[in-house]
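# Structural overview for review
Listed below are the residues making up each chain.
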Amino acid sequence: MSAPSPWVDYLQRRGDDADALFQAASGLGRLVFIMGDGFDPRALFGLRRLLELGLAPVVIRIPLPRGPGGASSVAASENRHEFDRLAVSHGLTVRYASIPAEVDQTTVGVVISRGLIDSEFVLEGDTVVVDVSALPTRIFFPIIGTLLEHNREKACGEVLVVVAENPDLDEIIRSTGIVDASPVAGFWGPRHEAELPTISIWAPVVGESSGAELEAIFSFLQGPDEIYPILPFPARNPRRADDLVREHRPLLFDTFEVSPRNFLYVDESNAFDLYRVLTGLHQRHRKMLNGVGEVRTVTSAHASKTLSVGACLAAFTSRLRVVTASAHSYRLHAAPHPQAVKERTTLCCMWLAGTPYK
Amino acid sequence: MRSYRNPFRSRASEQFRDTIGFLSHVGEDILDLLNPDVIWDRPLILRSAPGGGKTTLLRLLSIDSLVGVSGRRVDFRELTSRLGSIGAIDDTGPLRLGIFINLGHDYRTLASCGAPSQVGSLLFLRLLDARIMASAIRAVLTSRGLEYPQQAHRVTVEFLNSDERADEAARRLGGTVGSGILQSSKQTESKIVELVDSLLPVDWLDATAGHAELYSLRYLSDARFFIDGIEVRGQPLLLLDDGHDLTDGQRTVLLQSLLNRTVRVARWYAERLEALAYDDVFADATPERDYTELEVERASRQRHTVPFSQLLTRVAGLRADHYLQQYTGSERKFFEYLAVASPPLSSEIEQRVRESVTEIAGSNRTHLAWLDRIDSLASPEDRALEARSIQILIERDRARPQQRLFEPEDEPSADPPTDRATLKSAARLLLCAEHDLPFYHGKKVLSTLASQNVEQYLRICGEIFEFMLGRITLNRSPEVDARSQDKIIRALSHHLWQELPSRLPTPVSTMRLLVRIAEVGRENTFSATASYAPGVTGIAMTMNDVETLRDRTKRARVPGADDLYGALATAITRNLLVSEPNYSVKGRLVTVFSLNRLLCPAYSLPLTWSGFRERPLREVAAWTSDETDLAQLERV
């Protein structure tokens, strides 16, 4: 796995501007749309937009584990019915990714993503759009990684990622049952026995209500040598970074003993900013500690999906280790109002590989 | 403003990776759980809930710790003595080469990464073999203070009984020279990890060959290690941690290999407690003959709690005393700042309690005679407690099914027949709850609240220490009075309940079960007659009911039993419920399920272990499948 285009110049658009990217990409090959089959009210947002633009992709649906019931079950069922309605009315070709029974949380993503290639759901030269809005980290990281690797190996095809952003929904989606931390298969990073002492660096992208996840990952890493918490700034709420520090103060300062100088800031709306910050951090440490020890950088994403995509890109190109302690399942704490979902959701599209970078 | 460190909260790297930092914070009393007669010649199976101390125990026997202790005997006198008494070190250095292997994460992935199950199993054993052998070479070098991996070429191996199987093991594991073994291990690891971590499809049939058995056990059983031709005196000791992270298949294969009687290397295996699971692996093995089993929490309880509470107290002292002395300039230690006694009871409260009991006694001569005892006591607290105890006795007397029609004509007895100690405990709890008095305070309470779990204990002490730091910042002495301790503990208990939904894999059924147990406890503890003094903090089910739960077929016939089984397993493995099987009640055996002690203060329940109410399986199973949803449970 070597680095593809380093996204120095990148292509990311939001709202109506994203439409131009979809339309441009759709003309370059068979359009394949990968999406999660869950309760998230944003699950169908991207697909609807494509259909409104008159595009009819082949849809690959990724099944997700059922949540603990309540509003989330109702929402999942509504999403399925709505999807079926859209598929029939637009005559969509739909494929369902299969998940073998023996996979678990750590490997489900890589098994699905290998399956996309193996079962020829994704072909050479396809324009693949991955909607990560309703997909958890452990699934969409390997999918993006596999598509980028496939694209690099075959030297053809387009890879785009879309995220339906809605901070209000992020607020009401609660995690249930943090699973033990583990690396995401496909993103283990270098695993050979180091000749020199290993210096471990952990750069978590800090988000709200992620204390239990941060704690689990810290224990899994057995106390990294340096921790660089990544905070969102600039952000829509200019105090968000401060609020996050306040929320996680005991954990960051008392338990992890993070030096206040180690905080890093990234634009909350720009995945490529995080990509640059993370790769820069890794490269700087490697250069600085050359001959002293081998730098192993670990990242974990606890904030928005947009920023998670940036972490995924950095991990893919610089072979960073990605660790998750994601929830056993997710649930809606309250039922969202459909109109509010529609009005407050913005589609962000990132073109990751293909024609723009040639 | 000066910043202060809370040593109970700190999990900085020195505690994880720096051996001296680890040894400085560890309580050596945990080694007392080991019986040296049965831990070296047969597998030792260690079990505990998370934070129970199994990893600490294994880590204490790792070569890094043994070398660390041997090299600084003056600093670690107690550790030196305890490790010496179990035969891990002597005056000249380590007698064991503790090879620490964590079984977490990577291995499970081998079974779920898409490889056919047979291939996954072969790769699992091969990867484990590679890591055991690399760690063995590291342990040998560390025992002599040599650098790993640079000096590996100086290590050679000879076999005590060289036979075909030993030769085969040597051939598969890289030979008999340290550098060769290491190179083979690295290559194996790289190949296997590359396959598992591949983002693109893998041809598993063309994959690297695996191992059908754990060759490293055979290898280490007969191996004598040499450095530059001089024999290393330590014997290999395999320390396998976090076995619960393996898949069932991997765990079975591994345990069968460890239980093999032809294996002679000392081997310890630790996993999280799975109290209800029936374990086929041990069905044909005899405890104490084929293996030694050590359940850390149970062993601690059976040692009558006192030694374990001493261990906890020592752990707290090791962490906090140094910092407190530094921050305050005083020689006083952590526990010396914690108030043991409650604030004196006001005569106003005493008066209110007395008025209440007098009103309840009415004109009943027997009851009025009991009240005469109160004035003979000296302090308002004793008098209030006595009055509250008598109130309970009057309620019990009234609740008797057959009341006397007429009061006895002879002089009524001033001494009601009862168990004074438990009655007084119940009266104290009720008194505190009714008059907002502190109940949870003192060193002993902190140890009890730990529920035999060191991690939980550190969390409690961390909250207390944070309060102390607040006072230090304000230039005050870091005393923590009884009321503040009570407040901190109740808040922490509430916090534990609140965080359960986000931390449990099956939160709804587990929360329903825990909440109902707490409600049963509350209902019985705070009944007017305090029938189960000093209170109820658990439920019990007959052993027959528990057997029904464990049997999948029988379980399916009881509505809700599947959910209950999952909820109990989740709660026990996370130390939220403590199970005590084969508890004898009126000639019958039951299993008692008691709440973790830190869950009790939120419901104002007592911290004693003995109080429980027996409930039939069908009733308990119905609890876990009632209609309460998670949002409602969160509000509870």
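Our structure is the block above this text.
Below is a summary of the structure that appears in this document.

How each quantity is defined
Residues numbered from 1 in each chain as written. Chains lettered and ligands numbered in written order. Predicted model: local features only at pLDDT ≥ 70, side-chain atom pairs only at ≥ 80, totals over all residues. Heavy atoms only, no water. Helix = DSSP H or I, 4+ residues; strand = E, 2+ residues; numbered from the N terminus. Buried < 20%, exposed > 50% of the residue type's maximum accessible area, 1.4 Å probe, protein only. Contact = heavy atoms within 4.5 Å. Buried area = accessible area lost by both parts, 1.4 Å probe. Salt bridge = Lys/Arg side-chain N within 4 Å of Asp/Glu carboxyl O. Nonpolar A, V, L, I, M, F, W, Y, C, P; charged D, E, K, R; others polar. Pairing = 2+ DSSP bridges. Axes fitted to C-alpha atoms, helices over the stretch in contact; angles between N-to-C directions. Parallel < 35°, antiparallel > 145°, perpendicular 65-115°, else oblique. Phe/Tyr/Trp six-rings, centres within 6.5 Å; stacked < 30°, edge-to-face > 60°. Left-handed = near helix turned anticlockwise from the far one by under 90°. Arc of directions from axis to C-beta.

## Considerations on the overall build of chain B
Within chain B, the secondary structure is distributed over 26 helices and 14 strands. Summarising its shape, the C-alpha atoms of chain B cover approximately 95 × 65 × 45 Å along the three principal directions. Counting across all 636 residues of chain B, residues that qualify as buried make up 57%. Residue pairs at least 24 apart in sequence account for 77% of intrachain contacts in chain B once pairs closer than 6 positions are excluded.

## A look at the interface of chain B and chain A
Many authors give the size of an interface as the accessible area that is lost as the parts come together. Opposite the 45 residues of chain B that make contact, chain A presents 58 residues. In total, about 4000 Å² of surface goes out of reach between chain B and chain A, with carbon and sulfur atoms giving 51% of it. Across the contact surface, chain B and chain A share two salt bridges. When the shortest N-O distance is used, the salt bridge between Glu-257 of chain A and Arg-5 of chain B registers 2.4 Å. Every element with two or more residues in the side of chain B that touches chain A is listed here: α1 (13-16), α6 (106-112), α9 (178-196), α20 (482-503), α21 (507-525) and α26 (630-635) of chain B. By residue class, the composition of the side of chain B that touches chain A is 20 nonpolar, ten polar and 15 charged.

## Thoughts on the pairing of strand β12 (residues 577-585) of chain B
Residues and elements named next belong to chain B. In the sheet, β12 pairs with strand β13 (residues 588-595) via seven bridges, with the strands oriented antiparallel. Within β13, the residue paired with Ser-584 across the bridge is Leu-589. Between the end of β12 and the start of β13, which pair antiparallel, lie two residues, with Lys-586 showing a positive phi angle near 45°.

## Some remarks on the packing of helix α4 (residues 63-71) of chain B against helix α7 (residues 117-143) of chain B
How two helices pack is summed up by the angle between their axes together with the distance between the axes. All names here are of chain B. Remark: α4 packs on α7, axes separated minimally by 9 Å, with the N-to-C direction vectors making an angle of 5°. Here α4 lies roughly parallel to α7, going by the angle between them. Residues Ile-63, Asp-64 and Val-67 of α4 pack against Arg-138, Ala-139, Thr-142 and Ser-143 of α7.

## Concerning the sheet that holds strand β6 (residues 223-227) of chain B
Whether parallel or antiparallel, the strands of a sheet pair through hydrogen bonds between backbone atoms. Residue and element names in this part refer to chain B. An order of β5-β6-β7 is seen for the three strands of this open sheet, with the pairing classed as antiparallel. Of all the strands in the sheet, the pair left with one neighbour each is β5 (155-159) and β7 (230-231). Sheet topology places β6 next to β7; two bridges connect them, and they run antiparallel. Counted as the bridge partner of Ile-227 is Ile-230 from β7.

## Some remarks on the packing of aromatic side chains
Any aromatic ring pair is given by two values, namely how distant the centres are and how the planes are angled relative to each other. All names here are of chain B. Tallied over the entire structure, the rule returns 20 aromatic pairs over all chains. Where Tyr-4 meets Tyr-327, the ring centres are 4.7 Å apart and the plane angle is 70°; that geometry is what we call edge-to-face. With a gap of 323 residues between them, Tyr-4 in the segment before α1 and Tyr-327 in helix α13 (residues 306-328) connect regions that are remote in the sequence. Of the residues examined, Tyr-327 reaches a relative accessible area of 11% and is grouped as buried. When the ring of Phe-439 is compared with that of Tyr-440, the centres are 5.0 Å apart and the planes differ by 90°; the resulting orientation is edge-to-face. The buried category is assigned to Phe-439, whose relative accessible area is 18%.

## Focus on the packing of helix α19 (residues 454-473) of chain B against α20 of chain B
Residues and elements named next belong to chain B. Where α19 meets α20, the closest approach of the two axes is 10 Å, and the angle between their N-to-C directions is 130°. If you check the angle between α19 and α20, you find them oblique. When you trace α19 past α20, the crossing you get is right-handed. Of α20, the residues touching α19 (which contributes Arg-459, Ile-460, Glu-463, Ile-464 and Phe-467) are Ser-484, Gln-485, Ile-488, Leu-492, His-495, Leu-496 and Glu-499. Its residues placed into classes, the contact of α19 with α20 shows six nonpolar, three polar and three charged.

## What to know about the pattern of salt bridges
Throughout the structure, instances matching the rule amount to 55 salt bridges over all chains. Of the charged contacts, one joins Arg-354 of chain B and Glu-350 of chain B as a salt bridge, the two residues approaching to 3.2 Å between their closest N and O atoms. In this pair, Arg-354 of chain B and Glu-350 of chain B both sit in helix α14 (residues 347-361), four residues apart, roughly one turn of the helix. A residue is classified by how much of its surface remains accessible, and Glu-350 of chain B, at 6% relative accessible area, is buried. Its salt-bridge partner being Arg-354 of chain B, residue Asp-375 of chain B comes within 2.7 Å of it at the nearest N-O pair. Placement of Asp-375 of chain B in the loop between α15 (365-371) and α16 (380-399) and of Arg-354 of chain B in helix α14 is noted, with a sequence separation of 21 residues between them. Salt bridges linked by common partners bring Asp-254 of chain A together with Arg-9, Glu-463 and Glu-466 of chain B together as one network.

## Looking at helix α8 (residues 164-173) of chain B
Residues and elements named next belong to chain B. Taken together, the buried positions of α8 are occupied by Ala-166, Ala-169, Ala-170 and Leu-173. Looking straight down α8, one finds its buried side chains confined to an arc of 100°; they lie on one side. In α8, those exposed residues whose orientation departs by more than 90 degrees from the buried face are Glu-164 and Arg-171. In the core, the buried residues of α8 are packed alongside α7, β5, α9 and α10 (215-222). Downstream of α8 by a residue or two, Gly-174 has a phi angle that is positive, lying close to 105°.

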